[in-house]
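Letter by letter, the chains look like this.
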Amino acid sequence: MSHPWSTDSWRARKRAQATAYEDPKQLESALRKLAQLPPLVTSWEIERLRRQVAEAQEGKRFLLQGGDCAETFADCRPSIIVNKLKILLQMSLVLVEAALKPVIRVGRFAGQYAKPRSHLTEAVGGVELPSYFGDIVNRVPFTADARRPDPGLVLGAYHHAALTLNFIRSLSAGGFADAHHPEYWDLSFFQRAAVPENLRTGYEHTTAKVGEALRFMSALGECSIADLTRVEFFASHDALHLEYESAQTQPVPRRTGYYDLSTHFPWIGDRTRQVDGAHVEFFRGVRNPIGIKLGPSASPDEVVALLKALNPENEPGRITLITRMGADRVAERLAPLVEAVKFTGGRVLWVVDPMHGNTHETPSGKKTRYFAEILSEVEQTFDVHASLGSRVGGVHFEMTGEDVTECLGGDGSAITEADLPRNYATACDPRLNYRQSLEMALLIGRRLKADRRQEAAP
Ligand code: PEP
Ligand code: CO
């Protein structure tokens, strides 16, 4: 693509999932304000993540990305944020111990407010209204007023993202995430009898080993304690709402190019990744590392064209491909993509999102996902990569630190269809609850360990 890029050049392109605001002038005024507000993240942080993704591409790190399907302004609350961080930390600890590699922790948070939808409208009892497109666009309640796209919500999204990030940064800096004390990270559920023995002992074994390793390293005196124990979080979201993203995108002093300073790691969704579309046009011009979701409709040619458009110089750390094929299709769909990327020599990090290809509707109309299918897509993705001499460099989950009943199964929870209404709290897709998340991490850890042993075998 040789035509000039600007923060607005995407406007001339066809744009999937665009929001039709009734009053564009109101939106323009909110965006003008947004463009004047301070950035939410810095280019130093973004470049640091980019270097870490480059290392993950070389197999030196593993990436864990997780959080809500749709963050809501109402859930911008301390306990919910803390629990989300705790479960992400716990999962990452399990993965560190299993992979023997540092884990990059990326939250679907501080901006995960825009939702692409398969259906533009929703009908209930003969009434048809716009679907819910995330708190940055409209509201969950099924009323005409709540579902009308509201331009002022872009500022609400910025403010809630800022509040969330501020709290997360303070918690991280304040020792909450001190790896010397993983017991601080425990969620209250560990004290509850309901936690099955295998989960508790699996996790306790991990924390004991990590604590021992840290004491050993400090005793050697080789590394500073601050370096050893610093626990970082990066923020990510589906960069669907291009007006929001472009208002926060700017050049940075003493650096070349533009940075999207609304988040560290924006990703392009499966419904918005058209090579000649607005989202790809916008992201070809920003320096952030970016994710691209690839569902079962992605063809090898499309993926190669996306890499060419978004990373023409084949720079390390730039592209993460997040595959979400579905347990029933991954074996057939993934291999051609991996082969095509290998053939062109494209530098990418392969991450599996085992959530979005495995959504079902129950007879009562609730969206759900089966733990066994989620795990199966992860396992099969590992198998496909192994068979092609490639590597899975990370995992991506919709999950929460709350005791929700949205996904079915898992040994620790054994949630059945009858349990779903008990605490079905998601604003969009079903999330793994804390037990299901930890159990998933332990099972992935088992696989990572087995693979490590196999690699080490003569
Ligand atoms: C998401 O991650 O919330 C999402 C909508 O994913 P996808 O674009 O893969 O459907
Ligand atoms: Co989702």
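Our subject is the structure that appears above.
Notes on the structure follow. Keep in mind the model is a prediction, meaning the values are calculated, not measured.

### Quick look at the site of ligand 1
- In the vicinity of ligand 1, the residues found are Arg108, Lys115, Pro116, Trp267, Gly269, Asp270, Arg271, Lys293, Arg324, His356 and Glu398.
- At a separation of 3.2 Å, an oxygen atom of ligand 1 approaches a polar side-chain atom of His356.
- Bound to the protein, ligand 1 loses 98% of the 290 Å² it would expose on its own.
- Class assignment of the residues belonging to the shell around ligand 1 gives a composition of two nonpolar, two polar and seven charged.

### Observations regarding the packing of helix H11 (residues 330–344) against helix H12 (residues 371–387)
- Closest axis-to-axis distance for the H11/H12 pair is 10 Å, and the angle between their directions is 40°. Taken together, the axes of H11 and H12 lie oblique to each other. The crossing of H11 and H12 is right-handed. Touching Val330, Ala331, Leu334, Ala335 and Val338 of H11 are Glu377, Gln380, Thr381, Val384 and His385, all from H12.
- In terms of residue class, the contact of H11 with H12 is made up of six nonpolar, three polar and one charged.

### Notes on the nonpolar core
- If you look at the biggest cluster of nonpolar residues, it comprises 76 residues, and the most contacted ones within it are Val154, Tyr244, Phe397, Leu432 and Ile444.
- For this core, the element with the highest residue contribution is helix H3 (residues 78–99), accounting for twelve residues.
- If we skip the residues at most four places from it in the chain, Phe397 touches Leu64, Gln65, Gly66, Gly67, Met91, Arg108, Pro354, Met355, Ile374, Leu432, Met440 and Ile444.
- Formed by 32 residues, the second largest nonpolar core is a distinct cluster that contains Trp5, Ile290, Met325 and Val338.

Conventions and cut-offs
Residues numbered from 1 in each chain as written. Chains lettered and ligands numbered in written order. Predicted model: local features only at pLDDT ≥ 70, side-chain atom pairs only at ≥ 80, totals over all residues. Heavy atoms only, no water. Near = heavy atom within 4 Å. Polar contact = N/O pair within 3.5 Å; in protein donor to acceptor, adjacent residues only side chain to side chain. Areas by Shrake-Rupley, 256 points an atom, 1.4 Å probe, with all protein chains shown as cover. Nonpolar A, V, L, I, M, F, W, Y, C, P; charged D, E, K, R; others polar. Axes fitted to C-alpha atoms, helices over the stretch in contact; angles between N-to-C directions. Helix = DSSP H or I, 4+ residues; strand = E, 2+ residues; numbered from the N terminus. Parallel < 35°, antiparallel > 145°, perpendicular 65-115°, else oblique. Left-handed = near helix turned anticlockwise from the far one by under 90°. Contact = heavy atoms within 4.5 Å. Core = buried A, V, L, I, M, F, W, Y, C linked by side-chain atoms within 4.5 Å. Buried < 20%, exposed > 50% of the residue type's maximum accessible area, 1.4 Å probe, protein only.

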